[in-house]
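# A look at the structure
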Amino acid sequence: MRSKLRNMADITSLAGKRILLTHSNLFMGPALADVLHERGGEVIADEDPLEHPDAPAAVVARAGHVDVLVAHLAIPAPYSAADEVSDVEWRSVFAALVDPLPRLMRAVLPQMKERRNGRILVVGSASALRGLKRTTTYSAARGAQLAYVQSAGVELAPLNIQVNAVAQNFVDNPTYFPASVQANPKFQERLAREVPLGRLVSAREDALFCAYLCSDAAACFVGQVFPLSGGWAVR
């Protein structure tokens, strides 16, 4: 039994893997960096906003050898009614959350294809899985991320490159659930009413699952989207 547990620990370890984490200073970035490092990975924590079209290629070039790309992209979600969404809002949200994905892939895939090995994990949002009021732009962009993952996943699986996504909501993080929000009694009521778990998923719980998806143990997942929302997305 101990031998089996030891073998499982080995296969979920990230030892020897170089992991490029984007937007590492935002959203889940700090928690992901800590846990990925704790699990043995060599984490290249990059803070480039990736706004310029050439930025993703430059980030990958600086990183050098990349075994795992964690495409973690985050912005404060706009809160506009559907008929109030401007072209500027629409373009800016897609520029931040969607446009960097193909650019990152173009930059990192050649080396992964050459080795016939790689992991790409997109940290997305469950707002793409269940309707939320006043989030049409944000939800559409997050939905585009997930559709991209599903298509790229089936295309790249024969090359032993796994592409998957985590679609999260109600996870403790300073970008979407700062302390001021969590302390609000109305938010606590909403949490009890809408989230079967009855609490926020902790940042560490989220990061540990992401770390698992980056490990050799997760070699069987292809273009999959994993809801991580305390049950909110699957009600």
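Residues numbered from 1 in each chain as written. Predicted model: local features only at pLDDT ≥ 70, side-chain atom pairs only at ≥ 80, totals over all residues. Heavy atoms only, no water.

### Considerations on the pairing of strand β2 (residues 42-45)
Where strand β1 (residues 18-21) lies against β2, 4 bridges are found, and the strand directions are parallel. Paired with Leu 21 across the bridge in β2 is Ala 45. Crossover β1 to β2 through helix α2 (residues 29-38) is right-handed. (Pairing = 2+ DSSP bridges. Helix = DSSP H or I, 4+ residues; strand = E, 2+ residues; numbered from the N terminus. Right-handed = clockwise from strand over helix to strand, strands pointing away.)

### Overview of the packing of helix α5 (residues 100-115) against helix α6 (residues 136-156)
Close contact between α5 and α6 brings their axes to 13 Å; oriented N to C, the two are set at 20°. When the interaxial angle is binned, α5 and α6 end up roughly parallel. For α5 against α6, the interelement crossing comes out right-handed. Listed contacts from α6 to Leu 101, Pro 102, Met 105, Leu 109 and Lys 113 of α5 are Gln 145, Tyr 148, Ala 152 and Leu 156. A breakdown of the residues in the contact of α5 with α6 according to their chemical character gives 7 nonpolar, 1 polar and 1 charged. (Axes fitted to C-alpha atoms, helices over the stretch in contact; angles between N-to-C directions. Parallel < 35°, antiparallel > 145°, perpendicular 65-115°, else oblique. Left-handed = near helix turned anticlockwise from the far one by under 90°. Contact = heavy atoms within 4.5 Å. Nonpolar A, V, L, I, M, F, W, Y, C, P; charged D, E, K, R; others polar.)

### Observations regarding the nonpolar core
Leu 97, Ile 120, Val 163 and Phe 170 are the most contacted members of the largest nonpolar core, which has 43 residues in total. Among the secondary structure elements, those contributing two or more residues to this core are α3 (55-63), β3 (68-72), α4 (87-97), α5, β4 (118-125), α6, β5 (161-168) and α8 (185-194). Setting aside anything within four residues of it in sequence, one finds Phe 170 in contact with Phe 177, Phe 187, Arg 190, Leu 191, Glu 194, Val 195, Leu 200, Val 201, Ser 229 and Trp 232. By size, the runner-up hydrophobic cluster in this structure holds 27 residues, among which are Val 35, Leu 36, Val 70 and Val 166. (Core = buried A, V, L, I, M, F, W, Y, C linked by side-chain atoms within 4.5 Å. Buried < 20%, exposed > 50% of the residue type's maximum accessible area, 1.4 Å probe, protein only.)

### Examining the sheet that holds β2
Ordered in space as β2-β1-β3-β4-β5-β6, the 6 strands form an open sheet in which the pairing is parallel. A single partner strand is all that each edge strand has here, and the edge strands are β2 and β6 (225-228). Along the sheet, successive strands turn relative to each other by an average axial angle of 20°, direction set aside.

### As for the packing of aromatic side chains
How two aromatic rings sit relative to each other is set out by the distance from centre to centre and by the angle between their planes. One pass over the structure, following the stated rule, counts 11 aromatic pairs. Pairing Phe 27 with Tyr 176 gives two aromatic rings, centres 5.0 Å apart and planes at 75°, and the pair type is edge-to-face. Of this pair, Phe 27 sits in the loop between β1 and α2 while Tyr 176 sits in the loop between β5 and α7 (179-182), and the two are 149 residues apart along the sequence. With a centroid separation of 5.9 Å and 65° between ring planes, the pair formed by Tyr 138 and Tyr 176 is classed as edge-to-face. Separated by 38 residues along the polypeptide, Tyr 138 in helix α6 and Tyr 176 in the loop between β5 and α7 bring together distant segments of the chain. Under the relative-accessibility criterion, Tyr 138 is labelled buried at 5%. (Phe/Tyr/Trp six-rings, centres within 6.5 Å; stacked < 30°, edge-to-face > 60°.)

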